[in-house]
2 protein chains.
Amino acid sequence: MKKLITLSCAAAIVSISAFASQALIEKARSAGLKPISYKTIKELDTKENPLTPAKIKLGQMLYFEPRLSKSGLISCNTCHNLGLGGADGVPVAIGHKWTANPHHLNSPTVYNAVLANAQFWDGRSPHLEDQAKGPMVAPPEMAIDPKIAEERLKSIPTYVELFKKAFPQEKEPITFDNIAKAIGAFERTLITPSRFDAFLRGKTNALTKEEKEGLALFIDKGCTSCHTGQALGGTMQPFPAVKPYPYAHVGDFKGDKDGRVKVPTLRNITETAPYFHNGAIWTLAEAIKTMGSTQLGIEISDAEAAKISTFLGSLTGKKPAIIYPILPASTLSTPKPDAN
Amino acid sequence: MKKLITLSCAAAIVSISAFASQALIEKARSAGLKPISYKTIKELDTKENPLTPAKIKLGQMLYFEPRLSKSGLISCNTCHNLGLGGADGVPVAIGHKWTANPHHLNSPTVYNAVLANAQFWDGRSPHLEDQAKGPMVAPPEMAIDPKIAEERLKSIPTYVELFKKAFPQEKEPITFDNIAKAIGAFERTLITPSRFDAFLRGKTNALTKEEKEGLALFIDKGCTSCHTGQALGGTMQPFPAVKPYPYAHVGDFKGDKDGRVKVPTLRNITETAPYFHNGAIWTLAEAIKTMGSTQLGIEISDAEAAKISTFLGSLTGKKPAIIYPILPASTLSTPKPDAN
């Protein structure tokens, strides 16, 4: 009998907890938080760049292809390292000839970048297929002349074949635009669902008690006013909105023409320090407190920042398994690398 | 009846061809050429660094780990890119702060490096576990202080765990020596058997007629006096032996104290241009002719060089499939990257 009562009590506690969790899920969804849709890739499969296995495979090779840089040494993966949360772990991007980004901009993660409304910190690019071209040609990044990029790939028979398969309707498929399209297609597959998505879908025990507390606080403090949607970020917002950003002196980035800055995704945020557009903050707690101050005009205590950090840890997602691509050899006619 | 005669003739031709191939196999073996032994890894499993799955897995992560460089940007894979024939495809290695190797040395391939008698162009290192330490600390390469490398890994709980598993007998397993041992263990697995190995083992149709002609020429010209064994290279030899090397002015490398230089492996040679210790020659045909002149004192014609090139193509082997490792995140106590 005693055992039966104990069991009933336990069941009651579980229901109360499940009930509270259900309420938290509704609260989170009302605040605009959304689980990653497994249809995401397909939904984003625009007419401009239909995704096919052939294109994704090619894009994966090109993502790791250092011959798309002038020097032959830098690939997309150098700054957006799939092993390092999709970023590089350094404050400011370093590119061709060891040049730091002239605006002291930090490399954002490529994981879940497809979920953002705009690309680059100033949101000047509408999608990944457009974005991918920027770093390839930027002198402090990969520094390549698009014509050289095309010539290098055209000189390698395996690439000629793979571009034909990826762009079967086109007579001259190796173009700089198609290079970026293939890379964009691959990048669209880089989504990382986590326990948080399972929770939002109703699996009430997918988050720990502490993570749920952190999530509630995250919503109550107003973080979801910017960090929302599937990406928990990805829109353009005024920055700083209320008080000055304490590290504004690092670099000269001022956002877009309206002073807005792209809100970074919080997915895998524990893996992508240092933080902010200029990589000036190394700890998540300081980042959270700074956001409270500059964006919301509130003080977030150390204890509260710790709780929110704990929640953010639940956004670390499963990365797609990538076989490191074996790239086809250069030929006698391949334009040579140039480190200068 | 006519058909029967035709078939008999065909069979006779096949036997003659098989007979000739068998003779070529014997000739090749007599010249010291050996197929990659599938026991290679085990044979090389020394008491100093017994290979275990845990150690190989850790070594694979460390091979791709840019935090083993001062800047946090350069890994073993930067210069020994597993996607680019295990090398970097540029004449001279470029490292920390975009510094070119001061002796203008070219990055050798890591594939099949385990099969060499000695490591580095001057052969100063006896094995991979010793070699791996060199580029990590060299100022123009990864430029890291061994203590910082250890501190970085010690600050990351997943690495603490993985080192315990890889070095279960040791109390303090995260040491610079063990970092190199794990990397060495992984590198020992990077062997790439090709059709040539099948041929040497008796599969007479594993090479084409042209490749067999090239192989016969390769032996007849005396290339096997240096390019022999499983690696078709990997020993220390006088260089230049007969006539001056025409690009001796590129860099200041003079070999070891006796003027000897390590013979590069010819496996995957079609994937690892440019050639020679100073990366001065881009085409295989020119490399072959130069070797004839400087090392053997003979003139190899264009037609002969083309035939030998064709044979060398059969040494392009199957690369192990590597899942790109997801590396554990840094923590608050991880020593910061330093690009300066």
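Source: prediction; values computed, not measured.

The next thing to look at is the interface of chain A and chain B. Tallying the contact residues gives 39 residues for chain A and 38 residues for chain B. Looking only at chain A, the three residues that lose the most surface to chain B are Leu73(A), Trp98(A) and Tyr324(A), adding up to 26% of its buried area. Counting every contact that joins chain A to chain B gives 0 salt bridges. Here the residues of the side of chain A that touches chain B sort into 22 nonpolar, 10 polar and 7 charged.

On to the packing of aromatic side chains, then. Tallied over the entire structure, the rule returns 23 aromatic pairs over all chains. Between Phe163(B) and Phe167(B), the aromatic rings sit 6.1 Å apart at their centres with planes inclined by 20°, giving stacked as the arrangement. With 5.4 Å between their ring centres and 70° between their planes, Phe196(B) and Phe311(B) make a pair best called edge-to-face. Of this pair, Phe196(B) sits in helix α10 (residues 195-200) while Phe311(B) sits in helix α13 (residues 302-313), and the two are 115 residues apart along the sequence. Taken together, the aromatic side chains of Tyr63(A), Phe64(A), Phe186(A), Tyr324(A), Tyr63(B), Phe64(B), Phe186(B) and Tyr324(B) make up a single cluster linked through ring pairs.

Moving on, we come to the packing of helix α12 (residues 284-296) of chain A against helix α13 (residues 302-313) of chain A. A pair of packed helices is captured by two measures, namely the crossing angle of their axes and the spacing between those axes. Residues and elements named next belong to chain A. At a minimum axis separation of 9 Å, α12 and α13 run at an interaxial angle of 115°. By the angle class used here, α12 and α13 are roughly perpendicular. For the crossing formed where α12 meets α13, the hand is right-handed. For the pair α12 and α13, contact is made by Leu-284, Ala-285, Ile-288 and Lys-289 and by Asp-302, Ala-305, Ile-308, Ser-309 and Leu-312, respectively. When grouped by side-chain class, the residues that make up the contact of α12 with α13 number 6 nonpolar, 1 polar and 2 charged.

Averaged over all residues, the pLDDT of chain A is 94; the fraction at 70 or higher stands at 92%. Interface confidence for the predicted complex, expressed as ipTM, amounts to 0.94; the pTM equals 0.95.

With an RMSD of 0.0 Å, the fit of chain A onto chain B corresponds to turning through 180° and sliding 0.0 Å along the axis. One copy is carried onto the other by what is essentially a two-fold rotation axis. Using C-alpha coordinates, one finds that chain A approaches the rotation axis most closely at Ile323(A), a distance of 2.2 Å. Looking at the interface residues of chain A, 97% of them are also at the interface in chain B, so both copies use one shared face.

What follows is about unusual backbone geometry. Excluding glycine, a negative phi dihedral is what most residues carry, and trans is how most peptide bonds are arranged. Cis rather than trans, the peptide bond between Phe239(B) and Pro240(B) has omega equal to -10°. That bond from Ala273(B) to Pro274(B) is cis: its omega, -5°, falls within 30 degrees of zero. Among the structural elements, Pro274(B) can be located in the loop between β4 (260-262) and α12 (284-296). Even without glycine at this site, Lys97(A) takes up a positive phi of about 60°. Mapped onto the secondary structure, Lys97(A) falls in the loop between β1 (94-95) and β2 (99-100). Its identity is not glycine, yet Phe120(A) carries a phi of approximately 75°, on the positive side. Following the sequence through the fold, Phe120(A) ends up in the loop between β2 and α5 (128-131).

A complete count under the given rule lists 32 salt bridges over all chains for this structure. Between Glu271(B) and Lys319(B) there is a salt bridge, with the nearest N and O atoms lying 3.1 Å from each other. Here Lys319(B) lies in the segment after α13 and Glu271(B) lies in the loop between β4 and α12, a separation of 48 residues in the sequence. Here Lys319(B) falls in the buried class, since its relative accessible area comes to 11%. Through salt bridges with shared partners, one network takes in Lys209(A), Glu213(A) and Lys307(A).

So, on to the environment of Ile174(B). All names here are of chain B. Here Ile-174 lies in the loop between α8 (157-166) and α9 (176-188). Taking relative accessible area as the criterion, Ile-174 reaches 6% and is therefore assigned buried. Sequence spacing of Ile-174 and Glu-151 is 23 residues, and the spatial spacing of their C-alpha atoms is 8.6 Å. Apart from residues no more than four positions distant in its own chain, Ile-174 is found in contact with Glu-150, Leu-153, Lys-154, Tyr-159, Val-160 and Phe-163.

Definitions and limits used
For every chain, the first residue of its written sequence is number 1, and the numbers climb from 1 along that sequence. Here chains are named by letter from A upward and ligands by number from 1 upward, in the order in which they appear as written. pLDDT decides what is reported in this predicted model: residues at 70 or higher carry local features, side-chain atom pairs at 80 or more are listed and counted, and totals for whole chains, interfaces and linings draw on all residues regardless. By convention in this description, side-chain values take in all heavy atoms of the structure and omit both hydrogens and water. Contacts: residue pairs with any heavy atoms within 4.5 Å of one another. What counts as buried area is the accessible surface, traced by a 1.4 Å probe, that two parts surrender upon association, with contributions from both included. In the sections that follow, a salt bridge refers to a side-chain nitrogen of Lys or Arg positioned within 4 Å of a carboxyl oxygen of Asp or Glu. We call Asp, Glu, Lys and Arg charged. Ala, Val, Leu, Ile, Met, Phe, Trp, Tyr, Cys and Pro are nonpolar, and the rest, Gly among them, are polar. What counts as a ring pair is set by centres within 6.5 Å for rings of Phe, Tyr and Trp (its six-membered ring), and what kind of pair is set by the plane angle: stacked under 30 degrees, edge-to-face over 60, tilted for all other angles. Numbering goes from the N terminus for both helices and strands, where a helix is a DSSP run of H or I of at least four residues and a strand is a run of E of at least two. Angles shown run from 0 to 180 degrees and are taken between the N-to-C directions of axes, each axis being a line fitted to C-alpha atoms and, for helices, limited to the stretch in contact. Every angle not falling under 35 degrees, over 145, or within 65 to 115 is termed oblique; those three ranges are roughly parallel, roughly antiparallel and roughly perpendicular. For any pair of crossing helices, the crossing counts as left-handed if the nearer helix is rotated counterclockwise from the farther one by less than a right angle, and right-handed if it is rotated clockwise. Residue-level confidence of the predictor is summarised by pLDDT, bounded by 0 at the bottom and 100 at the top. Overlaid copies result from least-squares superposition on C-alpha atoms, with residues included only where pLDDT is at least 70 in both. The rule is simple: take the accessible area with a 1.4 Å probe, protein chains only, and divide by the maximum for that residue type; under 20% is buried, over 50% is exposed, in between is partly exposed.

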